[in-house]
Amino acid sequence: MQSCDTPFGTLNLERYPPTQNPTLQAFDTADLYLLQSAAELPVSDLPILVINDNFGTLACALAKAEPARKVHTWSDSKLAQLGLQSNLLANDLPTDAVQFIDSQQTLSGPYQCVLMRVPKSLTLMQDQLFRLRPALAEQAQVIAGAMVKHLPHAAGDLLAQYIGPYQASLAWKKSRLLTSTMDPALNPDKPELETRYELPASTFQLLNKPGVFSREKLDNGTRALLSSLPTGQEGGYIVDLGCGNGALGIMAAQLNPDAQLVFIDESYAAVASAQHNFSQAFPERAAEFVVSDGLTEFEDGSADLVLCNPPFHQQQAVGDEMAKRLFEQSHSALNTKGSLMVVGNRHLGYHVKLRAWFEKVEQLSGNPKFVVLKASN
């Protein structure tokens, strides 16, 4: 837990999931710069909207403000939602002090002030700004912030295209703000941001909503794991963990027609994409689709096979903590005869890390960059 001084008071904050890396914080100077800007605005009866608040730092600070403000937060991330809930509790704030709106829901508004963390995906930002515009009040301000090294030039262009003219701030402690004022004369066309491509060795097409991992083409890690999937599994549960657009689970469903498929991701857009793709591939077949922090909501000892192409980053932080967390969750979720199939870059050394939870780890296939591993007990 780390202390964070904001214009609205001091907060105790922690990343979610909690990290063992003491150099990683739940906030940065871009968050503080956004809060300074919000503190200078007149208090409005309208709710203030926060977008892409990674750990609830912005929303918690605004919820702590005096006089009280209505706070809404809009995000694609279940981990961000859980981080917000955890940090509200850590600061003695009621869990309903902030209304969470997931990325697949429509904003109601109206909003006079919007604080946005610029996301890594510009396609996601474009989608968010287009969908935000109808919910803005007259003369609303959208203030977008990021660390300078992560702020693309195109972010300002998108604000100008979908909201109105913008002004860039001076850099402050390596962060910068872009402030855009609603221009009622703008009438931007709806952008076509969904992508589609074929799933290899099948007749299926994969739809990808804005912000979904590997939305332009199938990533090479998933492609390597696809070629090693088992066939003929009799019943039981196959879990596509971190499912993205559902490529692994859909191919597993084709190879194992008697299995029950479960698709899990922390991204609302990813699970929505996977659900669409599965229903198109198997219109008469049922499956489960869960937006969750990995396998935390899955019953222990109930899975027969877990498929995973684990992430090696959370926002801008790169590391293997997320992958190891999914390995541990998989060990708990699998039954005694179950197995985990993982793909990863060779240099990540997953074959060593998996042995912390599994007795047997074997390499199924590989190429100069990726290895496919099977872990079991």
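Residues numbered from 1 in each chain as written. Predicted model: local features only at pLDDT ≥ 70, side-chain atom pairs only at ≥ 80, totals over all residues. Heavy atoms only, no water.

1. Digging into the nonpolar core
Then, in step 1: In terms of nonpolar packing, the biggest core is built from 35 residues, with Leu-199, Ile-250, Leu-261, Phe-263, Phe-278 and Leu-307 touching the most fellow members.
Then, in step 2: When residues of this core are traced back to their parent elements, those giving at least two are α6 (220-226), α7 (247-255), β13 (260-265), α8 (268-281), β15 (303-308), β18 (334-345) and β20 (370-376).
Then, in step 3: If near-sequence neighbours (up to four positions away) are discounted, Leu-261 is found in contact with Ile-238, Gly-249, Ala-252, Ala-253, Phe-278, Arg-285, Ala-287 and Glu-288.
Then, in step 4: In this structure, Tyr-33, Ala-63, Ala-65 and Leu-84 belong to the second largest nonpolar core, which totals 30 residues. (Core = buried A, V, L, I, M, F, W, Y, C linked by side-chain atoms within 4.5 Å. Buried < 20%, exposed > 50% of the residue type's maximum accessible area, 1.4 Å probe, protein only. Helix = DSSP H or I, 4+ residues; strand = E, 2+ residues; numbered from the N terminus. Contact = heavy atoms within 4.5 Å.)

2. What about the environment of Leu-84?
Then, in step 1: By secondary structure assignment, the location of Leu-84 is in helix α3 (residues 78-90).
Then, in step 2: Once the C-alpha coordinates of Leu-84 and Leu-159 are considered, the two residues, 75 residues apart in sequence, prove to be 26 Å apart.
Then, in step 3: Aside from chain neighbours lying at most four places away, what touches Leu-84 is Phe-55, Gly-56, Ala-59, Cys-60, Thr-73 and Val-98.

3. Section: the packing of helix α4 (residues 122-132) against helix α5 (residues 154-162)
Then, in step 1: Here α4 crosses α5 at 20°, and the two axes come no closer than 10 Å. Considered as vectors, α4 and α5 are oriented roughly parallel to each other. Crossing of α4 over α5 shows right-handed handedness. Judged by residue contacts, Leu-122, Met-125, Gln-126, Leu-129 and Phe-130 of α4 engage Ala-154, Ala-155, Leu-158, Leu-159 and Tyr-162 from α5. (Axes fitted to C-alpha atoms, helices over the stretch in contact; angles between N-to-C directions. Parallel < 35°, antiparallel > 145°, perpendicular 65-115°, else oblique. Left-handed = near helix turned anticlockwise from the far one by under 90°.)

4. Notes on the environment of Leu-107
Then, in step 1: Along the chain, Leu-107 falls in the loop between β5 (98-102) and β6 (111-117).
Then, in step 2: The spatial distance from the C-alpha of Leu-107 to the C-alpha of Glu-216 is 27 Å, given a sequence separation of 109 residues.
Then, in step 3: Excluding residues that lie within four positions of it along the chain, Leu-107 makes contacts with Leu-49, Trp-74, Ile-101, Leu-132 and Ala-135.

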